[in-house]
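# Notes for the structure review
Listed below, chain by chain, are the residues.
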Amino acid sequence: MSKFFLDYLEELEAEAMYVIREVWAQFDRPVILFSGGKDSIVVTHLAQKAFYPAKIPFKLLHVDTGHNFPETIAFRDRIVEQKGVELIVGSVQASIDQGRVREEKGKHATRNALQTVTLLDAIESHGIDCAIGGARRDEEKARAKERFFSHRDDFGQWDPKNQRPELWNILNGNHYQGEHFRAFPISNWTEMDVWNYILREKIEIPSLYLAHERQVIWRNDAWLPYSEFLPQVDPSEIQTKKVRFRTLGDITITGGMESEADTLEKIIVEVAALKQTERGNRSDDKRSETAMEDRKKQGYF
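Report follows, based on the coordinates. These numbers were taken from a predicted model, which means no experiment stands behind them.

## Points about the sheet that holds strand 9 (residues 239-244)
The sheet built from 4 strands is open, its strands ordered 8-7-9-10 with antiparallel pairing. Looking at the sheet topology across the chains shown, the edges are occupied by strand 8 (222-225) and strand 10 (257-258). Judged from the 4 bridges that link them, strand 7 (residues 212-219) and strand 8 form a sheet pairing that is antiparallel. Note on strand 8: the bridge partner recorded for R219 is A222.

## Some details on a nonpolar patch on the surface
A surface patch of nonpolar side chains, about 410 Å² in accessible area, is lined by L167, W168 and I170. Inspection of the secondary structure assignment puts L167 in the loop between strand 5 (149-152) and strand 6 (180-183). Under the relative-accessibility criterion, L167 is labelled partly exposed at 49%.

## Examining the nonpolar core
Of all hydrophobic cores here, the largest spans 53 residues; its most connected members are L46, F58, W189 and W195. If we ignore the near neighbours within four places in the chain, the residues touching L46 are E13, A16, M17, I20, I186, W189 and Y197. Membership of the second largest hydrophobic core comes to 14 residues, among which are L33, L61, V63 and I123.

## Digging into the side chain of E166
Mapped onto the secondary structure, E166 falls in the loop between strand 5 and strand 6. Buried E166, no salt bridge; nearest opposite-charge side chain is R137, N-O distance 4.8 Å. From its side chain, E166 meets the backbone nitrogen of F148 in a polar contact 3.0 Å long. A polar side-chain atom of E166 sits 2.9 Å from the main-chain amide nitrogen of F149.

Rules behind the numbers
- Residues numbered from 1 in each chain as written.
- Predicted model: local features only at pLDDT ≥ 70, side-chain atom pairs only at ≥ 80, totals over all residues.
- Heavy atoms only, no water.
- Pairing = 2+ DSSP bridges.
- Helix = DSSP H or I, 4+ residues; strand = E, 2+ residues; numbered from the N terminus.
- Patch = residues over 30% accessible without salt bridge, like charges linked within 9 Å, V, L, I, M, F, W, Y side chains within 5 Å.
- Areas by Shrake-Rupley, 256 points an atom, 1.4 Å probe, with all protein chains shown as cover.
- Salt bridge = Lys/Arg side-chain N within 4 Å of Asp/Glu carboxyl O.
- Buried < 20%, exposed > 50% of the residue type's maximum accessible area, 1.4 Å probe, protein only.
- Core = buried A, V, L, I, M, F, W, Y, C linked by side-chain atoms within 4.5 Å.
- Contact = heavy atoms within 4.5 Å.
- Lys, Arg positive; Asp, Glu negative; His and termini not counted.
- Polar contact = N/O pair within 3.5 Å; in protein donor to acceptor, adjacent residues only side chain to side chain.

Here it is as structure tokens:
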């Protein structure tokens, strides 16, 4: 890896740690949104470096759909134990049981959109005034509109046309009671930056990101992992393929790609040649041209 590229990663790291420290300085009850995906793992690692030798000062907040990859939950629990942080879990199943949200039905049903209510309920019940996320501007056009400090009103909603300017890296976290912020310290990173940083820092990641054999079905132009949660599956649809996942979410909508990339070095080579964004295999983003932005306006991640 060239010195120039090392310097570039160090610049991104410094920028991200600056944003993370600003969150700690300006807010009273901030948390890290932790999904067990590579971006939230990197944000947690950056928080650890930003406050070293002290422990991470933030709690982790995970919105559990109840339809997660088992590997993701096991990885989450291991990270919480290793880093000695407190975990807050918001349960979508509890939201369903309480009548706060209604379960979708049908072949393409997913709990992904239901997470918004669970997230906003967790933010309100724990008095959270800032939630740090791992979203990046290169992921999706709606996320490209975000600031480092992204304001949410007292209903938890986001207005992309009413965001504060961030000139000269001055971040404004002032808010009224009931409002909160989302902070995105790795906004300027790309997927390639994330993988190169993970390789450089030797950060542990879930095995789901590495190519492995798995039972899958072809649906919504992607290899969806077969599980008990996938609705209306004909046994004849199930195949065994060597796949890996570029992004992790609810198991019912996270599509895998056929791949031989079973090491970090191979992933980096593969990503360099890909033309589709990493969320291209997420069926929740295919529901409409503005699916992500519509969810974000309602309070989604």
